[in-house]
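Below are the chains, spelled out letter by letter.
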Amino acid sequence: MKHLRPIASKESDGVSAPGMARVPRHVAIIMDGNGRWAARRGLPRVAGHRAGAEAVRTTVRAAAEAGVEVLTLYAFSSENWRRSAEEVSDLTGLMRFYLDRELAGLEKEGVRLELIGEPEGFGPDLAARLLAAVERTRGNNKITLVMALNYGSRGELAASARRLAEKVLAGEIAPGSIDESAIDAELQTARWPELDLLIRTSGEMRLSNFLLWQAAYSELIFLETLWPDFDAAAFGDTLAQYSQRQRRFGGR
Ligand code: IPE
Ligand code: IPE
Ligand code: MG
């Protein structure tokens, strides 16, 4: 049997010095609960999204300070187009606003911005701004912030299969050579370490089409906290929980 362990460069957090908490190299968060946060306050949903954007900033900083290498945040799913035109436009408007407002701060704090999903879906203007921000932060190395925008895991896997089929047709690879690492290499997350920890806020216990392949051996933490209430202390708690987990990867 091959591929019993992740390939070396993608290895999970590993074991730190005795007495030191294990820090996950790659953390992903399904930032859920903005709408309910707003509803509980009698506010429109957009107020929840605005408050949620503030929680993003706090969390990025906390993750960088903790030594997390990659933080992947689910901001808009490929299914979120099912929401009202008004809410979609509120969400894209906020993306534009925060991108402009936060870019200098990301630069200053050494945050490298990356994207997964299909940001072209938001139209050429916003997509171009997003790609420009990725370009501008390319040299930063304190933490990589991956924003999942118009992202869906099944779509990502289908695209991966499509590219492999094209390579077979072009005679570049043989069908028999398509193994786990070949599929993994076609995913948008290929260049980052294995996903160590996946967090979802708001009490929902599902993955909602997020990182299905990548989460095969991730530790999962589901919190009742609504996303706008998530803060550095809450993030610290999840890291503490993570460091108590015993990861086995099928071994004993
Ligand atoms: C998460 O909050 C943000 C996005 C999905 C864009 P929701 O908007 O899903 O909030 P709830 O789940 O309705 O409370
Ligand atoms: C998942 O939340 C997507 C994001 C957080 C961006 P949803 O609120 O869209 O998920 P469901 O619909 O409750 O599964
Ligand atoms: Mg939701």
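Summarised in this report is the structure supplied together with it. (Residues numbered from 1 in each chain as written. Chains lettered and ligands numbered in written order. Predicted model: local features only at pLDDT ≥ 70, side-chain atom pairs only at ≥ 80, totals over all residues. Heavy atoms only, no water.)

This part is about the sheet that holds strand S4 (residues 143–151). The strand order S3-S4-S2-S1-S5-S6 describes an open sheet built from six strands, whose pairing is parallel. Both edges of this open sheet fall to strand S3 (111–117) and strand S6 (219–222), since each of them pairs with a single strand only. Averaged over all neighbouring strand pairs, the angle between strand axes comes to 20 degrees, with direction disregarded. In this sheet, strand S2 (residues 70–77) lies alongside strand S1 (residues 26–30) in parallel orientation, the contact comprising five bridges. Bridge assignment links His26 to a residue of S2, and that residue is Val70. Along the sheet face, helix H3 (residues 85–108) touches S2, S3 and S4 and points at about 155 degrees away from the line of S2. (Pairing = 2+ DSSP bridges. Helix = DSSP H or I, 4+ residues; strand = E, 2+ residues; numbered from the N terminus. Axes fitted to C-alpha atoms, helices over the stretch in contact; angles between N-to-C directions. Contact = heavy atoms within 4.5 Å.)

The subject of this paragraph is H3. Its 24 residues place the ends of H3 35 Å apart at the C-alpha level, agreeing with the 34 Å of an ideal helix rising 1.5 Å per residue. Along its length, H3 reaches its greatest deviation from straightness, about 45 degrees, at Glu102. Glu87, Val88, Leu91, Thr92, Leu94, Met95, Tyr98, Leu99, Glu102, Leu103 and Leu106 are the residues of H3 that are buried. Elements in contact with the buried residues of H3: helix H2 (45–66), S2, S3, helix H4 (124–136) and S4. (Expected span 1.5 Å × (residues − 1). Bend = angle between axes of the 7 residues up to and from the residue. Buried < 20%, exposed > 50% of the residue type's maximum accessible area, 1.4 Å probe, protein only.)

Structurally, Ser218 can be placed in the loop between strand S5 (197–200) and S6. Residue classification places Ser218 among the buried residues on the basis of a relative accessible area of 10%. The contact partners of Ser218, leaving out residues within four places of it in the chain, are Leu195, Asp196, Leu197, Leu198 and Arg247.

Attention now moves to the packing of H2 against H3. Axis separation between H2 and H3 bottoms out at 10 Å; the angle between their running directions is 30 degrees. The orientation of H2 with respect to H3, classified from their angle, is roughly parallel. Of the two possible hands of crossing, H2 and H3 adopt the one that is right-handed. On H3, the residues that touch Arg45, Val46, His49, Arg50, Ala53, Glu54 and Arg57 of H2 are Glu87, Asp90, Leu91, Leu94, Tyr98, Arg101 and Glu102. Residues that form the contact of H2 with H3 fall into these classes: five nonpolar, one polar and eight charged. (Parallel < 35°, antiparallel > 145°, perpendicular 65-115°, else oblique. Left-handed = near helix turned anticlockwise from the far one by under 90°. Nonpolar A, V, L, I, M, F, W, Y, C, P; charged D, E, K, R; others polar.)

Another point: the site of ligand 2. Ligand 2 sits among Ile30, Met31, Asp32, Tyr74, Ala75, Phe76, Asn80, Arg83, Arg200, Arg206 and Ser208. Here Asn80 contributes a side-chain N or O atom positioned 2.9 Å from an oxygen atom of ligand 2. Burial of ligand 2 by the protein amounts to 78% of the accessible area it has alone, namely 390 Å². Among the elements that make up the shell around ligand 2, the one with the highest residue count is S2 (three residues). Residues of the shell around ligand 2, tallied by class, amount to five nonpolar, two polar and four charged. (Near = heavy atom within 4 Å. Polar contact = N/O pair within 3.5 Å; in protein donor to acceptor, adjacent residues only side chain to side chain. Areas by Shrake-Rupley, 256 points an atom, 1.4 Å probe, with all protein chains shown as cover.)

Next up on the list: the packing of H3 against H4. The packing of two helices is summarised by the inter-axis angle and the distance between the axes. Between H3 and H4, whose axes approach to 11 Å, the crossing angle comes to 15 degrees. Accordingly, the angle class assigned to the pair H3 and H4 is roughly parallel. Of the two elements, H3 crosses H4, and the hand of that crossing is left-handed. Touching Thr92, Met95, Arg96, Leu99, Asp100, Leu103, Ala104 and Glu107 of H3 are Asp125, Leu126, Arg129, Leu130, Ala133 and Arg136, all from H4. Of the residues assigned to the contact of H3 with H4, the class counts are seven nonpolar, one polar and six charged.

Turning to the packing of aromatic side chains, a few remarks are in order. In this structure the tally under the stated criterion is 10 aromatic pairs. With a centroid separation of 5.5 Å and an interplanar angle of 45 degrees, the aromatic rings of Tyr217 and Phe249 are classed as tilted. Of the two residues, Tyr217 is situated in the loop between S5 and S6 and Phe249 in the segment after helix H7 (232–244); the sequence distance between them amounts to 32 residues. Among the residues examined, Tyr217 registers a relative accessible area of 47% and is labelled partly exposed. By relative accessible area, Phe249 is classed as partly exposed at 35%. With centroids separated by 5.0 Å and ring planes inclined at 20 degrees, the aromatic side chains of Trp227 and Phe230 adopt a geometry described as stacked. Across the pair, Phe230 and Trp227 agree in class, each one buried. An aromatic cluster of three or more residues is present, and its members are Tyr74, Tyr151 and Phe210. (Phe/Tyr/Trp six-rings, centres within 6.5 Å; stacked < 30°, edge-to-face > 60°.)

These results come straight from atomic positions and should not be treated as a statement about function.
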